[in-house]
Amino acid sequence: MKRINVTQSSMPPLEEYVEEIRSLFESKWLTNMGEKHKKFEEKLKEYLQVSNVSLTVNGHMALENIIKALDLKGEIITTPFTFASTTHAIIRCGLKPVFCDINRKDYTIDADKIEELITEDTCAILPVHVYGNVCNIEAIEEIANKYNLYVIYDAAHTFGEKYKGKSVAAYGDASVFSFHATKVFNTIEGGCIVFKDETMTTILKDIKNFGFSGPEIIRYVGGNAKMNEFQAAMGICNLRHIDCELKKRKNAYEKYREYLCDVKGLKIWEPQRDVEHNYAYMPVVFEEEFGKSRDYIAQILMENNIYARKYFYPITADFQCYNNKFSSCRLKVARDISNRVLTLPLYADIEPNDIERISSVILSTRQ
Ligand SMILES: *Cc1c(COP(=O)(O)O)cnc(C)c1O
């Protein structure tokens, strides 16, 4: 039985990448905002339909850098139903995460529960468009305006999406993307910050390069978060194929739907209204009625050489490293979904046969 992983990286044809990096072997300019970096940034602005983009070495540093650049202090209201990076970034920057529960419909932050968590120390809201599900943008914006808070979206899962006809990257004060190898669109490792306030261009540029504003002027205590030329070249190539990749993902999703849509106790991911989705993930939730637990099904899949993942378990609030410091009993929905959800393999080049095999293994557990 062939091994099936939860994802597989999208790559351009080898010759195309070789052609793209050829000039680097002539210029010998490998990083520090070279020609590929400039070209990729321009292409990305065009694709995302936004005016301000700052490329970074990965998505995590993009999160840390936007928190630093906005000089945020105090508390940030966020979701615990996310990848470690979102919460770690807040804490590593010296702020306190205040966890808000999620909603049962799309697993994004429950906008109705944000307001009660606001204190005089709250400086920002950091929601996640989890699985590519777009948050309740209007409600979040209204609260942010009322209390004068920044909104930073962790948009790591939403590359290429549109909400109400507009690029999802254009909402909030900033949106952070990840171009990690496992994401819908990759630059091997990489990421970017899309930001609204053009005057932040300089600080975001400097802060990723040790705070250098000139050869002898160091204005910020910056780290190193620069995207290198080989990453940018990968981005240029992969961006040429993104439309086709997204179509293939949609087809894979439709295939899963055929097998799994009418199964009692099995709640499959459904597209949202008003959203042009990227079909980044295939989360399924096993409810009581299904008769078998998520952990049992994950185990049976593994015995069949199928590696689904428990995205996201445990919720970040319960991470061992935080010693219950930020945990809360108000996270009922997040904990419940986290115990029941399984993310099935989905990527552009997954074979229809594989989807059939995965689905039949799941359905066979009920007997
Ligand atoms: C992948 C991911 C990140 C981190 O991105 P990297 O590029 O891996 O550093 C942050 N947030 C979420 C929700 C992610 O899925």
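The preceding data block contains the structure.
Quantities reported herein were computed from a predicted structural model and do not represent experimental measurements.

(A) Local environment of the overall build of the protein. Check the secondary structure of the protein and you find 11 helices and 17 strands. Taken over C-alpha atoms, the radius of gyration comes to 21 Å for the protein, in line with the 21 Å a tight globule of 367 residues would show. Judged by the C-alpha coordinates and their principal axes, the protein covers about 70 × 55 × 40 Å. The proportion of buried residues among the 367 residues of the protein is 56%. Counted over contacts in the protein with a minimum sequence separation of 6, partners at least 24 positions apart contribute 70%. If you sum the accessible surface of the protein, you get close to 16900 Å²; carbon and sulfur atoms cover 49% of it.

(B) Here's a closer look at a nonpolar patch on the surface. A contiguous nonpolar surface patch, about 270 Å² in accessible area, is contributed by Phe210, Phe212 and Ile218. With respect to the secondary-structure elements, phenylalanine 212 resides in strand E11 (residues 212-214).

(C) Focus on the sheet that holds strand E15 (residues 282-286). On the basis of which strands lie adjacent, the open sheet formed by three strands has the order E13-E15-E17 and antiparallel pairing. Strand pairing shows two members of the sheet lacking a second neighbour, strand E13 (266-268) and strand E17 (341-344), which therefore form its edges. For this sheet the average axis-to-axis angle between neighbouring strands, irrespective of direction, equals 25 degrees. Here E13 runs beside E15; their pairing, made up of three bridges, is antiparallel. By the bridge assignment, lysine 267 is partnered in E15 with valine 285.

(D) Summary view of the sheet that holds strand E8 (residues 166-167). If you walk across this open sheet you meet the three strands as E8-E7-E14, and the pairing is antiparallel. Looking at the sheet topology across the chains shown, the edges are occupied by E8 and strand E14 (275-276). As judged from the two bridges shared by strand E7 (residues 162-163) and E8, these two strands associate in the antiparallel manner. Looking at E8, one finds that lysine 162 is bridged to serine 167.

(E) Representation of the packing of aromatic side chains in the model. All told, the structure shown has 23 aromatic pairs when counted by the stated rule. Judged by centre distance (5.3 Å) and plane angle (20 degrees), the rings of tyrosine 47 and phenylalanine 159 are stacked. Placement of the pair is tyrosine 47 in helix H2 (residues 35-48) and phenylalanine 159 in the loop between strand E6 (150-154) and E7, with a sequence separation of 112 residues. Tyrosine 47 gets classed as partly exposed once you look at its relative accessible area, which sits at 25%. By relative accessible area, which is 2% here, phenylalanine 159 ends up buried. Residues tyrosine 163 and tyrosine 171 carry aromatic rings whose centres are separated by 5.6 Å and whose planes lie at 65 degrees to one another, so their mutual orientation is edge-to-face. In this structure tyrosine 171 comes out as buried when scored by relative accessible area, which is 11%.

(F) Highlighting the state of the cysteines. Overall, the coordinates contain zero disulfides when judged by the stated rule. Free cysteine cysteine 123: the closest other cysteine sulfur is in cysteine 93, separated by 11 Å. Given the relative accessible area of 13%, cysteine 123 is considered buried. Cysteine cysteine 321 shares no disulfide, and the gap to the nearest cysteine sulfur, in cysteine 93, comes to 15 Å.

Rules used in this analysis
Residues numbered from 1 in each chain as written. Predicted model: local features only at pLDDT ≥ 70, side-chain atom pairs only at ≥ 80, totals over all residues. Heavy atoms only, no water. Helix = DSSP H or I, 4+ residues; strand = E, 2+ residues; numbered from the N terminus. Rg over C-alpha atoms; globule rule 2.2 N^0.38 Å. Buried < 20%, exposed > 50% of the residue type's maximum accessible area, 1.4 Å probe, protein only. Contact = heavy atoms within 4.5 Å. Areas by Shrake-Rupley, 256 points an atom, 1.4 Å probe, with all protein chains shown as cover. Patch = residues over 30% accessible without salt bridge, like charges linked within 9 Å, V, L, I, M, F, W, Y side chains within 5 Å. Salt bridge = Lys/Arg side-chain N within 4 Å of Asp/Glu carboxyl O. Pairing = 2+ DSSP bridges. Axes fitted to C-alpha atoms, helices over the stretch in contact; angles between N-to-C directions. Phe/Tyr/Trp six-rings, centres within 6.5 Å; stacked < 30°, edge-to-face > 60°. Disulfide = S-S within 2.5 Å.

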